[in-house]
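What the coordinates show
Residue-level listing of the chains:
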Amino acid sequence: MRADTTVSVRDLYMRYGTDDVLRGVGFEVRRGEIVCLLGPNGAGKTTTVEILEGFRERSAGDVKVLGADPSTAGEEWRARIGVVLQSWRDHGRWTPRMLLRHLGRYYAPYADPGRGRARDVDELIGMVGLDGRADRPIRLLSGGQRRRLDVAAGIVGRPELLFLDEPTAGLDPLARREFHDLVRRLVAEEATTILLTTHDLDEAAGLADRILVLAGGRIVADGVADDLVRRTIGVALVRWSRGGEHFARTTPDAAAFVRGLFARHGEEITDLDVRRPGLEDAYLALVRQHEEGAV
Ligand SMILES: Nc1ncnc2c1ncn2[C@@H]1O[C@H](COP(=O)(O)OP(=O)(O)OP(=O)(O)O)[C@@H](O)[C@H]1O
C-alpha cells in the first residue's frame, strides 16, 4: 500500500439475505484524488460507500479508511471524514445557521492545530451559496437549497476525506457548476480526498481524476476517463446508412475506416457521422458487456 493511500478496499463482500450485492470489490483512493464510483441502480454503490463510512457492517473483506477499519474506528476517526448522504431529512424547524453551528460544535474536541477547527458558519454558508437563506427554517428550503445545506454539513469539520452520494441530484445547472468549483477548491486548497457517486456521466468525466465502474458486484473498470473510453470502445464511433439500413462501428482509425467504406460503397453511403465516444458510451458498453457476461 502506498503511503498516501486514503481508502483501501480488498475482496469486499456484502450479502443481504441470500443476495450477494458485492462480490469481491477492490480499489484504492489516494490522498487528494477525486474518484467517482459509477454503476447502475442497485449495483451497490451506496452499500460500498456506507461500509467505508462505518455505517454498514460488511459481510467480508479488508477495508481501511484513513488507516483504520471503519467498523471499529472511533469518534476521532469519524471527525476526520465528511459525509453527504443521498437524502437526509431532519431538523425542519431549525435554520441552516443553527444546524451548521450545532454540527460544528461536534468537531471542537477534535481540533487539530494543522487543520483548524470547524469552519466559520458564515464562510460555510457563502461557500455553498446559501446566503439569504441561512436564517429561515430548513423545511422552507427548495430541494436544491436543501442539497447545498447537505454539502455544507458534510464539510463543516474540514474533512480529510469527503464522501458524496449523488451530491448534485436535484441541483440546477448553475448550482451544479458552483458545486464542482467547490469540490475542486477543497482539493486544491485543503488536499481533501473525494469519493463520490453519481449517475451524471458528464459530471464524472469533468470532475473525477479516476473513474470506478461497479457492476455485477465487482469493479469492472478503474481508470482515467479517457483511458476507459479508449480501452472499452476504441477511439472513434462511425455511423452511416446504406440502402435504408443503419450501421455503427468503432475503430481506432476513423480516416482509414471511412476511406475503406467509400472505396467499397461510394455514393450509396448516406448520413455519415464520425464521433469520438465519451464516457457515457464507454460506461453503457461496459455495463451492457457485463450484463451479457462478457466482462
Ligand atoms: N438494508 C438492505 N437490506 C436488503 N437489501 C438491501 C439493503 N440495502 C440495499 N439493499 C439492496 O442492495 C442492492 C444495492 O443497493 P445500493 O443502494 O447499494 O445500490 P446503488 O448502487 O447505490 O443504487 P442507486 O444507484 O439506485 O442508488 C439493491 O438491490 C438494494 O435493494
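It should be noted that the structure appears before, not after, this text.
Below, the structure is looked at part by part. (Residues numbered from 1 in each chain as written. Predicted model: local features only at pLDDT ≥ 70, side-chain atom pairs only at ≥ 80, totals over all residues. Heavy atoms only, no water.)

Let us now look at the overall build of the chain. From N to C terminus, the chain includes 10 helices and 12 strands. Projected onto its principal axes, the C-alpha coordinates of the chain cover approximately 75 × 45 × 35 Å. The 295 residues of the chain split such that 47% are buried. Pairs at least 24 apart in sequence give 68% of the contacts found in the chain among residues at least 6 apart. Carbon and sulfur atoms provide 46% of the accessible area of the chain, an area that totals close to 14700 Å². On the chain, the mean spot of the 43 positive side-chain charges and the mean spot of the 46 negative ones are 2 Å from each other. (Helix = DSSP H or I, 4+ residues; strand = E, 2+ residues; numbered from the N terminus. Buried < 20%, exposed > 50% of the residue type's maximum accessible area, 1.4 Å probe, protein only. Contact = heavy atoms within 4.5 Å. Areas by Shrake-Rupley, 256 points an atom, 1.4 Å probe, with all protein chains shown as cover. Lys, Arg positive; Asp, Glu negative; His and termini not counted. Charge placed at Lys NZ, Arg CZ, Asp CG, Glu CD.)

Once that is clear, we can look at the side chain of lysine 45. Looking at the element boundaries, lysine 45 is found in helix 1 (residues 45–53). It is glutamate 166 that comes nearest to the buried, bridge-free lysine 45 among opposite-charge side chains, at 5.4 Å. Here glycine 39 takes part through its backbone oxygen, which lies 2.8 Å from a polar atom of the side chain of lysine 45. Among residues more than four places away in sequence, those in contact with lysine 45 are Leu37, Leu38, Gly39, Pro40, Thr197, His199 and Leu214. (Salt bridge = Lys/Arg side-chain N within 4 Å of Asp/Glu carboxyl O. Polar contact = N/O pair within 3.5 Å; in protein donor to acceptor, adjacent residues only side chain to side chain.)

Of the volumes computed, that of the largest pocket is approximately 420 Å³. Of all the secondary structure elements, the ones that give two or more residues to the lining of the largest pocket are strand 5 (81–84), helix 3 (96–107) and helix 5 (143–155). The leading source of residues in the lining of the largest pocket is strand 5, at four residues. (1 Å grid on protein atoms, 1.4 Å probe; cavity = no way out; pocket = protein on both sides within 12 Å on 5 of 7 lines; lining within 4 Å. Points joined across faces, edges and corners; volume = space filled by probe spheres on them.)

The values are spatial; any link to function lies outside them.
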